[in-house]
Amino acid sequence: MPFTLRQLRFFVAAAEQGSVSGAARVLSISQSSVTEAIRALEDDLGVTLFDRQARGLQITHRGSAFLRHARAILADVARAREAFQGEAEPATGRLSLGVTSLVAGYVLSDILARFRRAWPQVELNVIEDSGDYLQHLLIGGELDVAVLLTSSVRDRLALQVETLLVSAFRLWLPLGHELAQQEAIARDELAAHPLIQLMVDEIEESTRALMSTIRPPPRVTFRTRSVEAVRSLVATGAGLALLPDLVYRPWSLEGDRIEIRDVSGDLPTVQVGLAWRRGAPLPPAALNFVRSARGAMPDR
C-alpha cells in the first residue's frame, strides 16, 4: 500500500516532538495510532525512519532526508487547498499577530510577504515581545496567532502549537580558521577556543546546556543579544559561536566571510512555528495566515 497523507502528518509530528507520546499529544490521537502509522510508512519505504530509544525517538539519516520530502508534500497539499478555499473567504478583516524578536528578524518577513500578496486588505496589528508574554496574550484572547519558538511553549493544554521549521545548531567560524579544515568537528575540540554567546530566547539556554557537555568548558569571551554582533565578532576572529542555521548568513555587516561546520554528537535544535488558543475557532484572517505560513516555511 502506498503511504498516505495521514501517515506523513504523523511521521512529521513524531520527528518534531521526538517521541510517540509527544506526537499523539499534539495530534490529539492515541499513541498506538502514531506507532502503527510510522511502522506502515517504514514498511512502504523499506527504510528505518527512527531509532527507538528508552527516552523517545531518534530520527535516522534516511529519516531526516525523508522528513524534507514529507514537509514539502504536506505544504503542497496545503497550498492546493488554500488556492480554492481562499476564493470563498472574505479578503478583509483584522489580524492580531504576535512574534518574538528572533523570529521577527529571520522568519516573519517571508510569511508576511506571502500573506499580504494573498490578502492585502486585511488590517494587521503586530506585537513583538518575549515568548512567555505572547503566550499570555494568546490565552487571554488578545492575540489571534503568534509566530515563535514552539519548543518553548509551556502550556500545551491551553495553546494549539504547530511547528513549521526545525533548525539545528552548528559551529560558526571565521574564514581560514584551523577548525574550518574539517567537515565535522569533535565537541571537545571547542574547549581550546573562545566562544561568543547569543543571549536571545531559548537559544541562550540551549547554548549553555551544550557548552556544559564540553570538557574542559570553553571560555565565553562575549555575551550579546545581537545576532549581528555575533556575526561581526566571529568574522573578525574574536571567537566562535554555536547557533542554529535559522540565523546563519555567510557575511557580516562589514562584508567578512563566516563559515559553518557540523559538530559531532547530539546538538540541540530550535523549532519555529505557530501558536493559537486551543478550543477557540480562528477568525478567517487568522486561519488564512496559518495557511500562508504553512506554505512559506518549508521552502526555507
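Here the structure is a predicted model, which is why all the values come from computation and not from measurement.

A. Region of the structure containing the overall build of the protein chain. Helix and strand counts for the protein chain come out as ten helices and twelve strands. Dimensions along the principal axes, computed over C-alpha positions, put the protein chain at roughly 60 × 45 × 30 Å. Evaluated residue by residue, the protein chain yields a buried proportion of 47% over its 300 residues. For the protein chain, contacts bridging at least 24 residues in sequence account for 74% of all contacts bridging at least 6. Total accessible area on the protein chain stands at roughly 14500 Å², and carbon and sulfur atoms take up 50% of it. Charged side chains of the protein chain number 33 positive and 35 negative; the gap between the two group centres comes to 2 Å.

B. Structural view of the environment of G176. Structurally, the position occupied by G176 is in the loop between β6 (159–174) and β7 (184–185). Overall, G176 belongs to the exposed group, its relative accessible area being 60%.

C. Summary view of the pattern of salt bridges. Applying the stated rule across the entire model yields ten salt bridges. Ionic pairing is found between E16 and R71, a salt bridge with its closest N-O pair at 3.4 Å. Residue E16 is found in helix α1 (residues 5–17), and its partner R71 is found in helix α4 (residues 61–88); the two are separated by 55 residues along the sequence. The buried category is assigned to R71, whose relative accessible area is 17%. Salt-bridge contacts for R154 lead to D132; the nearest nitrogen and oxygen are separated by 2.4 Å. In this pair, R154 is assigned in the loop between β5 (145–149) and β6 and D132 in helix α7 (residues 131–139), connecting sequence segments 22 residues apart.

D. Quick peek at the packing of aromatic side chains. This model, assessed by the stated rule, comprises six aromatic pairs. Residues F3 and F66 carry aromatic rings whose centres are separated by 5.8 Å and whose planes lie at 80° to one another, so their mutual orientation is edge-to-face. Of this pair, F3 sits in the segment before α1 while F66 sits in helix α4, and the two are 63 residues apart along the sequence. In this structure F3 comes out as partly exposed when scored by relative accessible area, which is 29%. Assessed through its relative accessible area of 11%, F66 is described here as buried. Each ring, one from F11 and one from F66, has its centre 5.5 Å from the other, and the planes form 45°; the classification is tilted. With F11 in helix α1 and F66 in helix α4, this residue pair connects regions lying 55 residues apart in the sequence.

E. Region of interest: the packing of α1 against helix α3 (residues 31–45). Closest axis-to-axis distance for the α1/α3 pair is 9 Å, and the angle between their directions is 110°. Relative to α3, the element α1 lies roughly perpendicular. Residue-level inspection shows R6, Q7, L8, F10, F11 and A14 of α1 in contact with α3, the latter providing S33, V34, A37, I38, A40 and L41.

F. Geometry of the side chain of H177. Note that H177 resides in the loop between β6 and β7. Classification of H177 as buried rests on a relative accessible area of 16%. A polar side-chain atom of H177 sits 3.0 Å from the main-chain amide nitrogen of L179. Beyond its immediate sequence surroundings of up to four residues, H177 is in contact with H193 and L240.

Criteria and cut-off values
- Residues numbered from 1 in each chain as written.
- Predicted model: local features only at pLDDT ≥ 70, side-chain atom pairs only at ≥ 80, totals over all residues.
- Heavy atoms only, no water.
- Helix = DSSP H or I, 4+ residues; strand = E, 2+ residues; numbered from the N terminus.
- Buried < 20%, exposed > 50% of the residue type's maximum accessible area, 1.4 Å probe, protein only.
- Contact = heavy atoms within 4.5 Å.
- Areas by Shrake-Rupley, 256 points an atom, 1.4 Å probe, with all protein chains shown as cover.
- Lys, Arg positive; Asp, Glu negative; His and termini not counted.
- Charge placed at Lys NZ, Arg CZ, Asp CG, Glu CD.
- Salt bridge = Lys/Arg side-chain N within 4 Å of Asp/Glu carboxyl O.
- Phe/Tyr/Trp six-rings, centres within 6.5 Å; stacked < 30°, edge-to-face > 60°.
- Axes fitted to C-alpha atoms, helices over the stretch in contact; angles between N-to-C directions.
- Parallel < 35°, antiparallel > 145°, perpendicular 65-115°, else oblique.
- Polar contact = N/O pair within 3.5 Å; in protein donor to acceptor, adjacent residues only side chain to side chain.

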